[in-house]
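For reference, the chains in residue letters:
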Amino acid sequence: MTTQSPGLFIAFEGGDGAGKSTQTAELAEALESQGLTVLRTREPGGTPIGEKLRSLVLDHGHGHIDAHTEALIFAASRAAHAGQVIRPALERGEIVLTDRYIDSSVAYQGAGRGLGTDAVREINEWATSGLQPHLTVLLDVDPEVGRRRRTAGDAAEDRLESEADEFHSRIRAAFLNLADAHPEKYLVLPAHLPVKELSARILERVESLLPLSGSVAR
Ligand code: TYD
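Everything quoted here is computed from the prediction, not taken from an experiment.

**Thoughts on the site of the ligand**
Then, in step 1: If you check the shell around the ligand, you find 16 residues, and the closest are Arg 54, Arg 100, Ser 105, Gln 109 and Glu 161.
Then, in step 2: With respect to the ligand, the side chain of Arg 54 contributes an N or O atom lying 2.7 Å from an oxygen atom.
Then, in step 3: For the ligand, a nitrogen atom lies 2.8 Å from a polar atom in the side chain of Gln 109.
Then, in step 4: Burial of the ligand by the protein chains amounts to 86% of its free accessible area of 550 Å².
Then, in step 5: Elements with a minimum of two residues in the shell around the ligand: helix H2 (48-58), helix H3 (67-91) and helix H4 (102-112).

Here is the structure:
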């Protein structure tokens, strides 16, 4: 179920190193320059409890975390995020841009960890009371390119990022399957395109959805 509230809900998805945060920032800036109110947020995280859960599940050093526990931590973070941040912003008529949402769990925990995509979707639909994005922008990245991009700086890889390329290939395929199943709800773009070309194509698609939103001017 997509939200019935006046706002517009857009999720950015894709493998690690796809450039989601750059594109989320580009889109936020473009929409704000039109006088629209945008809430930019991310998962795991987005709330104080969500940020704590983020470090629990991503940082090394908490010992072994089994796949079910991992999936439930991401879902717990998402429950807080959807209920305390996303839904209220949509009810205020804002445009919500989230860096990752349910599809990340379906791809990483469902396909990557092998928990099953249907089971992971179900717990997340329960956790969010069925709150779905109007549009998901999928930045499709080759796992090898993604790894090169994210290790280009000094940043250390987190628990998920440091998994083998084969894990990341399963995730890539799972994201593409999700988009194939509901093409009207997705914009799939190759992550290797120039930043400005990607941002122009994303803005064009989002502008076509603006009549859906009662987005309030600042
Ligand atoms: P992200 O914040 O995109 O990484 P970064 O801070 O490096 O930009 O995501 C952190 C990691 O968590 C990423 O490897 C994907 C993973 N993840 C899941 O496995 N399941 C989920 O439900 C979410 C939201 C993220």
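Now, onward.
**So, the pairing of strand S3 (residues 95-99)**
Then, in step 1: With five of five residues buried, S3 is to be regarded as a mostly interior element.
Then, in step 2: In S3, alternate side chains face the same way, and those of Ile 95, Leu 97 and Asp 99 on one face and Val 96 and Thr 98 on the other are all buried.
Then, in step 3: The pairing of strand S1 (residues 8-14) with S3 spans five bridges and is parallel. By the bridge assignment for S3, Phe 12 is matched with Asp 99.
Then, in step 4: Strand direction decides the pairing type here: strand S2 (residues 38-42) and S3, joined by five bridges, are parallel. Across the sheet, Thr 41 pairs through a bridge with Thr 98, a residue of S3.

**Re the pairing of strand S4 (residues 135-140)**
Then, in step 1: A large share of S4 lies buried, amounting to six of its six residues.
Then, in step 2: Residues Leu 135, Val 137 and Leu 139 point to one face of S4 and Thr 136, Leu 138 and Asp 140 to the other, with burial holding for every one of them.
Then, in step 3: Taken together, the five bridges between S1 and S4 define a ladder with parallel strand orientation. In the strand pairing of S4, Ala 11 is matched with Thr 136.
Then, in step 4: Inspection of the sheet shows S4 paired to strand S5 (residues 186-190) by five bridges, in the parallel sense. Opposite Leu 139, over in S5, you have Leu 189 as the bridge partner.

**A closer look at the pattern of salt bridges**
Then, in step 1: Scanning the model with the defined rule gives 19 salt bridges in all.
Then, in step 2: For Glu 43, the salt bridge identified is with Arg 78, shortest N-O distance 2.5 Å. Here Arg 78 lies in helix H3 and Glu 43 lies in the loop between S2 and H2, a separation of 35 residues in the sequence. Each member of the pair, Glu 43 as well as Arg 78, carries the same accessibility label: buried.
Then, in step 3: Of the charged contacts, one joins Arg 172 and Asp 140 as a salt bridge, the two residues approaching to 2.9 Å between their closest N and O atoms.

**What to know about the sheet that holds S2**
Then, in step 1: Pairing within the open sheet is parallel, and its five strands lie in the order S2-S3-S1-S4-S5. Unpaired on one side and paired on the other, S2 and S5 mark the two borders of the sheet. The average undirected angle you get between the axes of adjacent strands in this sheet is 15 degrees.
Then, in step 2: With respect to the sheet, helix H8 (residues 195-209) is in contact with S1, S4 and S5, its orientation differing from that of S5 by roughly 170 degrees.

Here is what the cut-offs are and how they apply
Residues numbered from 1 in each chain as written. Predicted model: local features only at pLDDT ≥ 70, side-chain atom pairs only at ≥ 80, totals over all residues. Heavy atoms only, no water. Near = heavy atom within 4 Å. Polar contact = N/O pair within 3.5 Å; in protein donor to acceptor, adjacent residues only side chain to side chain. Areas by Shrake-Rupley, 256 points an atom, 1.4 Å probe, with all protein chains shown as cover. Helix = DSSP H or I, 4+ residues; strand = E, 2+ residues; numbered from the N terminus. Buried < 20%, exposed > 50% of the residue type's maximum accessible area, 1.4 Å probe, protein only. Pairing = 2+ DSSP bridges. Salt bridge = Lys/Arg side-chain N within 4 Å of Asp/Glu carboxyl O. Axes fitted to C-alpha atoms, helices over the stretch in contact; angles between N-to-C directions. Contact = heavy atoms within 4.5 Å.

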